Amino acid sequence: IQLSLAVIGVTTNLVSIYILSRKELINTFNQLLITLAVFDVLYLIIMFLDSIGQVFLPYCTGQLPVWYKVLTPYILYPGKAIALTCSIFMMVSMGVERYMAVYYPFSRIPLNGSLGYKSHCFKKRLFVYIFPVIFFSIFLNIFKFLESKASWKEGSVQLEIRQIRYDPVYLVANSWIRLLVLGMMPVTVIITLNSCIYWAVRRARLDRSGQ
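Residues numbered from 1 in each chain as written. Predicted model: local features only at pLDDT ≥ 70, side-chain atom pairs only at ≥ 80, totals over all residues. Heavy atoms only, no water.

Explanation requested: the overall build of the protein chain in the structure shown.
In terms of helices and strands, the protein chain carries 5 helices and 2 strands. Each helix (α) and strand (β) of the protein chain, taken in turn from the N terminus, gives the series α-α-α-α-β-β-α. Taking 2.2 N^0.38 as the reference for a compact globule, 211 residues should give roughly 17 Å; the C-alpha atoms of the protein chain span a radius of gyration of 22 Å, well beyond that estimate. The dimensions of the protein chain, computed from C-alpha atoms along their principal axes, are 80 × 40 × 35 Å. Looking at the protein chain as a whole, 33% of its 211 residues qualify as buried. As displayed, the protein chain has an accessible area near 13,500 Å², and 70% of this comes from carbon and sulfur atoms. (Helix = DSSP H or I, 4+ residues; strand = E, 2+ residues; numbered from the N terminus. Rg over C-alpha atoms; globule rule 2.2 N^0.38 Å. Buried < 20%, exposed > 50% of the residue type's maximum accessible area, 1.4 Å probe, protein only. Areas by Shrake-Rupley, 256 points an atom, 1.4 Å probe, with all protein chains shown as cover.)

Could you clarify how one ought to interpret the side chain of serine 87 in this entry?
Tracing the chain through its elements places serine 87 in helix α3 (residues 66-103). Polar side-chain contacts of serine 87 include one of 2.8 Å to the side chain of aspartate 40. With residues near it in sequence (within four places) discarded, serine 87 still touches Leu36, Phe39 and Asp40. (Polar contact = N/O pair within 3.5 Å; in protein donor to acceptor, adjacent residues only side chain to side chain. Contact = heavy atoms within 4.5 Å.)

I tried to follow the packing of aromatic side chains on my own but got confused; where do I start?
Given two aromatic rings, their pairing is described by the distance between the two centres and the angle made by the two planes. On inspection of all chains with the given rule, the structure shows 8 aromatic pairs. Summarising the aromatic geometry, the rings of phenylalanine 135 and phenylalanine 136 are spaced 5.3 Å apart at their centres and angled 80 degrees between planes, so their arrangement reads as edge-to-face. The partly exposed category is assigned to phenylalanine 135, whose relative accessible area is 43%. Assessed through its relative accessible area of 45%, phenylalanine 136 is described here as partly exposed. Ring centres 6.5 Å apart and planes at 10 degrees place the aromatic pair phenylalanine 135 and phenylalanine 139 in the stacked group. With phenylalanine 135 and phenylalanine 139 both in helix α4 (residues 120-140) and 4 residues apart, the pair spans about one turn of that helix. (Phe/Tyr/Trp six-rings, centres within 6.5 Å; stacked < 30°, edge-to-face > 60°.)

What's the story with the packing of helix α2 (residues 28-61) against α3 in this structure? I'm lost.
Two packed helices can be described by the angle between their axes and the distance between those axes. Taken N-terminus to C-terminus, the directions of α2 and α3 make an angle of 155 degrees; their axes are 9 Å apart at the nearest point. Relative to α3, α2 is oriented roughly antiparallel. Helix-helix and strand crossings are classified by hand; for α2 and α3 the assignment is left-handed. Partitioning the contact of α2 with α3 into residue classes produces 21 nonpolar, 7 polar and 5 charged. (Axes fitted to C-alpha atoms, helices over the stretch in contact; angles between N-to-C directions. Parallel < 35°, antiparallel > 145°, perpendicular 65-115°, else oblique. Left-handed = near helix turned anticlockwise from the far one by under 90°. Nonpolar A, V, L, I, M, F, W, Y, C, P; charged D, E, K, R; others polar.)

Is there a simple way to explain the pairing of strand β2 (residues 156-161) in this structure?
Every other side chain in a regular strand lies on the same face of the sheet, so the side chains alternate between the two faces. Relative to β2, strand β1 (residues 148-153) runs antiparallel, the two being bridged by 6 bridges. The residue bridging serine 151 from the neighbouring strand is glutamine 158, located in β2. Between the antiparallel neighbours β1 and β2 lie 2 residues, among them glutamate 154 with a positive phi of about 55 degrees. (Pairing = 2+ DSSP bridges.)

Can you walk me through α2 in this structure?
Spacing of three or four residues puts side chains on the same side of an α-helix, whose turn is 3.6 residues. Along its 34 residues, α2 runs 48 Å from first to last C-alpha, staying within 8% of the 50 Å computed at 1.5 Å per residue. Along α2, the helix axis deviates most sharply at isoleucine 52, where the bend reaches about 40 degrees. Sitting at the head of α2, asparagine 27 places a side-chain oxygen 3.2 Å from the backbone nitrogen of phenylalanine 29. Glycine 62 lies just past α2 and shows a positive phi near 85 degrees. (Expected span 1.5 Å × (residues − 1). Bend = angle between axes of the 7 residues up to and from the residue.)

What's the story with helix α5 (residues 168-209) in this structure? I'm lost.
Helix length check: α5, at 42 residues, gives a terminal C-alpha distance of 60 Å against a target of 62 Å (1.5 Å per residue), a fit within 8%. At methionine 185, α5 shows its largest kink, close to 30 degrees, and the proline proline 186 lies no more than four residues downstream. Along α5, the positions that sit buried rather than exposed are Tyr170, Asn174, Arg178, Leu182, Pro186, Leu193, Ile197 and Ala200. Two or three places before valine 169, at the opening of α5, aspartate 167 has a side-chain oxygen 2.9 Å from that residue's backbone nitrogen.

Hey, could you run me through the packing of α3 against α4 in this one?
One can describe the packing of α3 onto α4 by two numbers: an axis separation of 9 Å at closest approach and a directional angle of 150 degrees. For the pair α3 and α4, the sense of crossing is right-handed. Counting all contacts with α3, which are made through Ile82, Thr85, Cys86, Phe89, Met90, Ser93, Val96, Glu97 and Met100, the residues of α4 involved are Tyr129, Ile130, Val133, Ile134, Phe136, Ser137, Ile138 and Leu140. For the contact of α3 with α4, the per-class residue count stands at 13 nonpolar, 3 polar and 1 charged.

Shape descriptors only; they carry no functional weight alone.
Now the structure itself:
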């Protein structure tokens, strides 16, 4: 089931990227949607590889494949956490972009002409919304690279859990940080921003209607 969902998710996201990449649809918000779709695709691909290496192939062969043991500590395990964090932070970034568009419309430099999306201002605007997402996602999950390792023992590759993964202080701190930073804070920020946008739009409609 997980493999099927991953394939469906990757396919639908690629279709969305193709549609949103059309020249007439290029704007800041749609580019952020494309970025979100890219993060989702990366997460689903990693989940697909993880399912094959951890479930499907062991079921067929009775053991974990060598490539899975090598990739898990350095790519699959930390990459999955980073991609998921990027998706969460990207939704917050999109909420901030919509808030800025509603409350500070004149701060958004208009993109005139068909080549506006190639302008320095447009690229700088995307950089402001995307780079912090990637940076803080990697920073938040940097210890994921230290939780496990692949080692060569007795003529074969062994997947080992490092001591930090058993440290009670680390486990408690990691759990609380992820709960707050990846759960409560994004939800609170998104709800707050969307509420502000809703009331701003509602107030503008009431002003136009003369009520």
